[in-house]
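Residue-level listing of the chains:
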Amino acid sequence: RRGVALLAALITVLACSPGDEPPPSSHHLPADQRAGTPGIGDPDFPRDGNGGYDVAHYDLAVAYVPATKRLDGVAAVRARATQDLTSFNLDLTGLDVRGVAVNDVPARFSREGDELTVRPSKVLDSGTTFTVKVTYSGLPKPAKDTANLGTYGFIPTPDGAFVASEPNGSKTWFPSNDHPSDKATFNFTITVPAGVTALANGEMIGQPVTAGGRTTFRWRERHPMATYLATATIGKFDLRQGSTATGIQNLAATDPKFKGSLNELYTRSGEITDYWTTVFGPYPFSSTGGVVDDYSAGYALENQTKPLYGGFNPQETIVAHELAHQWFGNSLTIKRWKDLWLNEGFATYAEWLWSEHKGRQSAEAMFQQLHNRPESDPMWKYPPGRAKPDDLFNQSVYTRGGMTLHALRRAIGDATFFTLLKRWTAEHRYGHVTTEQFIDLAEHLSGKDLTPLFDAWLFQPRRPS
Ligand code: ARG
Ligand code: ZN
């Protein structure tokens, strides 16, 4: 083996001899290896996302007619090649692709399952920026996974659509690099029949424009966003807008059936967003709020700047949860789904912090009560630090994930714990995070060996003592 290594070193030296071409970088691959991979490298979701490029921006123009359930879309995706690309994939489920252009030149494409493969007319060189434009249409169908995830993605409703895509449902309505490890900014241009409202992430650009019986809404999210947090929720809505006490733009929207929740949702969302800035650090985005639609999803989703509540009057506990996600999940985004407790454990702990703040049950009392659950409770068998792809949103990821943070708070004390929360959100603002990074920061700030604590709470299939 040593001989082989020496020979390889000699070849490298020869290849670098003066006067020669520079050695090919690892990004310049042989012609037969220059196809972007059909997955981004998450072993639990091998076909989610794609390899070979990094999206910077999605410019989505969609027209949707609730009566026919037909969507017509043009998605312009700006990306940077991270290797030479003879072809690359986007994720897209169903829908008909009419045409694809790369840098305004028509490109060949093919479909197989949820993969749209694009073959640009010229190789895209590593490091260059390109724009791929996909023109598509059809009747979007939500993703259905009765065993695990329920119904998600673009879900048609009688008056529009309920759009909540975690974990991988953005492909049901636009071609994307559908994995949280590739975040991008978004522009939305959404055209609907006059009288219908379209709500997307971020802030509205200008006023809606009505012509020929159709209204176009433009929205912009100028902070990086994971694809699963993108929404174009459509229907009849009553709106209330203004700003929070600390001056953050606030928009609440409710389906007419939930009109009675509008003021409460608006006020609570503002109050809670402001309070979280004192606990978690500056608000990462330019607006806050919430949307209640008349679709019984059985869940809420923390859509960036606009959490979406599926067919119920949201109580303040769940508002506290979804707004905590704006920091934990949305600003700080997981690289791999196995680390989901960094979203759900933190958002669940935030519920307990809210209760404590309001002088109701303390986090300590909540922790004690949960820790007293018998050994037979399924939570103790499921280690939350390793979310399972076939049972991603298991209650343990939420509850035992939240308990992990309380166990940590007890071990390092309140002062260090709350400093840690702010340091964590500051250091990784708009970025990506892993469990290892959180453990490292906790150990660094506390000066303690916390490996046994995190191991017992996150990784062992039994009740921690
Ligand atoms: N992140 C959401 C929440 O905790 C849950 C999303 C569940 N997604 C699903 N497809 N069931 O609030
Ligand atoms: Zn959550």
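Basis of the calculations
- Residues numbered from 1 in each chain as written.
- Chains lettered and ligands numbered in written order.
- Predicted model: local features only at pLDDT ≥ 70, side-chain atom pairs only at ≥ 80, totals over all residues.
- Helix = DSSP H or I, 4+ residues; strand = E, 2+ residues; numbered from the N terminus.
- Rg over C-alpha atoms; globule rule 2.2 N^0.38 Å.
- Buried ≥ 20, exposed ≤ 12 C-beta atoms within 10 Å, placed from the backbone.
- Contact = placed C-beta atoms within 7 Å.
- Near = placed C-beta within 6 Å.
- Nonpolar A, V, L, I, M, F, W, Y, C, P; charged D, E, K, R; others polar.
- Pairing = 2+ DSSP bridges.
- Axes fitted to C-alpha atoms, helices over the stretch in contact; angles between N-to-C directions.
- Parallel < 35°, antiparallel > 145°, perpendicular 65-115°, else oblique.
- Left-handed = near helix turned anticlockwise from the far one by under 90°.
- UniProt positions renumbered as here; feature names shortened; annotations may be inferred.
- pLDDT = per-residue confidence, 0-100.

1. Remarks on the overall build of the protein
For the protein, the helix and strand inventory stands at nine helices and 24 strands. For a compact globule of 465 residues, the expected C-alpha radius of gyration is about 23 Å, and the protein comes in at 24 Å, within 12% of that figure. Here the C-alpha coordinates of the protein stretch approximately 75 × 70 × 40 Å along the principal axes. By the burial criterion, 45% of the 465 residues in the protein qualify as buried. Contacts in the protein between residues far apart in sequence, at least 24 positions, make up 66% of those at least 6 positions apart.

2. Here we look at the site of ligand 1
In the vicinity of ligand 1, the contacting residues are Leu149, Gly150, Tyr152, Glu166, Tyr299, Ala300, Leu301, Glu302, Glu322, Glu344 and Phe393. Its residues placed into classes, the shell around ligand 1 shows six nonpolar, one polar and four charged.

3. Some words on the pairing of strand β1 (residues 53-65)
In the sheet, β1 pairs with strand β2 (residues 70-81) via twelve bridges, with the strands oriented antiparallel. Looking across to β2, one finds that Ala61 is bridged to Val74. Where β1 folds back on β2, the antiparallel hairpin that results is connected by four residues, among which Lys69 adopts a positive phi of roughly 60 degrees. Summarising the sheet, β1 and strand β12 (residues 184-193) pair through seven bridges and their orientation is parallel. Each bridged residue has a counterpart across the sheet, and for Ala63 the counterpart in β12 is Thr191.

4. Observations concerning the sheet that holds strand β18 (residues 238-243)
With mixed pairing, the five strands of this open sheet are ordered in space as β18-β19-β20-β22-β21. Each end of this open sheet is capped by a strand with a single partner; those strands are β18 and β21 (300-301). Against the sheet, helix α2 (residues 262-280) contacts β18, β19 (249-254) and β20 (287-293), and its axis sits at roughly 150 degrees relative to β19.

5. Regarding the environment of Thr129
Inspection of the secondary structure puts Thr129 in strand β8 (residues 129-138). When the 13 C-beta atoms within 10 Å are taken as the criterion, Thr129 is described as partly exposed. C-alpha of Thr129 to C-alpha of Arg78: the two residues are 51 residues apart in sequence and 7.1 Å apart in space. The contacts of Thr129, once residues within four sequence positions are left out, are Arg78 and Arg80.

6. Quick notes on the packing of helix α5 (residues 363-371) against helix α6 (residues 395-412)
Remark: α5 packs on α6, axes separated minimally by 10 Å, with the N-to-C direction vectors making an angle of 125 degrees. If you check the angle between α5 and α6, you find them oblique. The hand of the α5/α6 crossing is left-handed. Here Ala363, Phe367, Leu370 and His371 of α5 lie close against α6, whose contacting residues are Thr399, Met403 and His406. The residue inventory of the contact of α5 with α6, partitioned by class, reads four nonpolar, three polar and no charged.

7. Focus on the UniProt feature "domain: Aminopeptidase N-like N-terminal" (unreviewed entry) in the protein
As annotated in UniProt, the feature "domain: Aminopeptidase N-like N-terminal" (unreviewed entry) corresponds to residues 57-229 in the numbering used here. The annotated region residues 57-229 carries 0% helix and 58% strand content, and the separation between its end C-alpha atoms amounts to 14 Å.

8. Considerations on the packing of α2 against helix α3 (residues 316-324)
Closest axis-to-axis distance for the α2/α3 pair is 10 Å, and the angle between their directions is 50 degrees. Put simply, α2 runs oblique to α3. Between α2 and α3 lies a crossing whose hand is right-handed. Of α3, the residues touching α2 (which contributes Arg268, Ser269, Ile272, Thr273 and Trp276) are Glu316, Val319, Ala320, Leu323 and Ala324.

9. Considering the confidence of the model for the protein
Taken over all residues, the pLDDT of the protein has a mean of 94, while the share at 70 or more is 93%. Segment residues 1-24: pLDDT under 50, and three contacts once partners within four positions in sequence are set aside and those in other chains are kept. What the predictor reports for the complex is a pTM of 0.93 with an ipTM of 0.98.

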